[in-house]
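Chain by chain, the residues run as shown.
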Amino acid sequence: MITVSTLEWSRHQEGWLAQVKPGYLFILNRFDSEIGSKRWFVLYSAGLHFSIENSRLVGERHGYTSLCEAKFEAEQNLKFQRISSRQESSVR
């Protein structure tokens, strides 16, 4: 399997961070008590500076089994959001 990343991810605290406009995507590995194992979660933080306190979960589902899967879903969600934003702005 070949994975191509469109974002530049870097280590940040206990996860991976990528700057997007207008904000940041952050992926972290945490224990999911519902499943009983660790999973990868994708957060989005709007603004000029990253803040985990002001972040929200993104994606169709939460709790990815691998870092590659979490990065792929984060990037797909970003692409979808950009397409939706363009379509909304072209309608106005």
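Residues numbered from 1 in each chain as written. Predicted model: local features only at pLDDT ≥ 70, side-chain atom pairs only at ≥ 80, totals over all residues. Heavy atoms only, no water.

Section: unusual backbone geometry
Next up, step 1: Positive phi outside glycine occurs at Gln13, with the angle close to 50 degrees.
Next up, step 2: Following the sequence through the fold, Gln13 ends up in the loop between β1 (10-12) and β2 (15-20).
Next up, step 3: On the basis of relative accessible area, Gln13 is assigned to the exposed category, the value being 60%. (Helix = DSSP H or I, 4+ residues; strand = E, 2+ residues; numbered from the N terminus. Buried < 20%, exposed > 50% of the residue type's maximum accessible area, 1.4 Å probe, protein only.)

Topic: the confidence of the model for the protein chain
Next up, step 1: In the predicted model, the protein chain carries a mean pLDDT of 81, and 82% of its residues have values of at least 70.
Next up, step 2: β2 holds the highest mean pLDDT among the elements of the protein chain, 93, whereas helix α1 (residues 67-91) holds the lowest, 70.
Next up, step 3: In the predicted structure, residues 83-92 sits below a pLDDT of 50 and forms zero contacts with residues beyond four places in sequence or in another chain. (pLDDT = per-residue confidence, 0-100. Contact = heavy atoms within 4.5 Å.)

Some thoughts on the nonpolar core
Next up, step 1: Counting 16 residues, the largest nonpolar core has Leu7, Trp9, Leu25, Ile27, Trp40 and Val42 as the members making the most contacts within it.
Next up, step 2: Among the elements of the structure, β2, β3 (23-32), β4 (37-46) and α1 are those that each provide at least two residues to this core.
Next up, step 3: A total of four residues in this core trace back to one element, the largest contributor, which is α1.
Next up, step 4: Setting aside residues no more than four positions away along its own chain, Trp40 makes contact with Trp16, Ile27, Leu28, Asn29, Gly63, Tyr64, Thr65, Ser66, Leu67 and Ala70.
Next up, step 5: Leu17, Tyr24, Phe41 and Phe50 belong to the second largest nonpolar core, which has seven residues in total. (Core = buried A, V, L, I, M, F, W, Y, C linked by side-chain atoms within 4.5 Å.)

Digging into the pattern of salt bridges
Next up, step 1: Under the criterion given, the structure shown has one salt bridge.
Next up, step 2: The partner of Arg30 in a salt bridge is Glu14, with the nearest N and O atoms 2.7 Å apart. In this pair, Arg30 is assigned in strand β3 and Glu14 in the loop between β1 and β2, connecting sequence segments 16 residues apart. (Salt bridge = Lys/Arg side-chain N within 4 Å of Asp/Glu carboxyl O.)

Description of the pairing of β4
Next up, step 1: In terms of burial, β4 is largely enclosed, as seven of its ten residues are buried.
Next up, step 2: When β3 meets β4, the two strands line up antiparallel, connected through ten bridges. From the neighbouring strand, Ile27 faces β4, where its bridge partner is Val42.
Next up, step 3: Counting the residues that bridge the hairpin from β3 to β4 gives four residues, and of these Gly36 lies at a positive phi of roughly 85 degrees.
Next up, step 4: Bridge count between β4 and strand β5 (residues 56-57): two bridges; the pairing is antiparallel. Of the residues in β5, the one forming a bridge with Leu43 is Leu57. (Pairing = 2+ DSSP bridges.)

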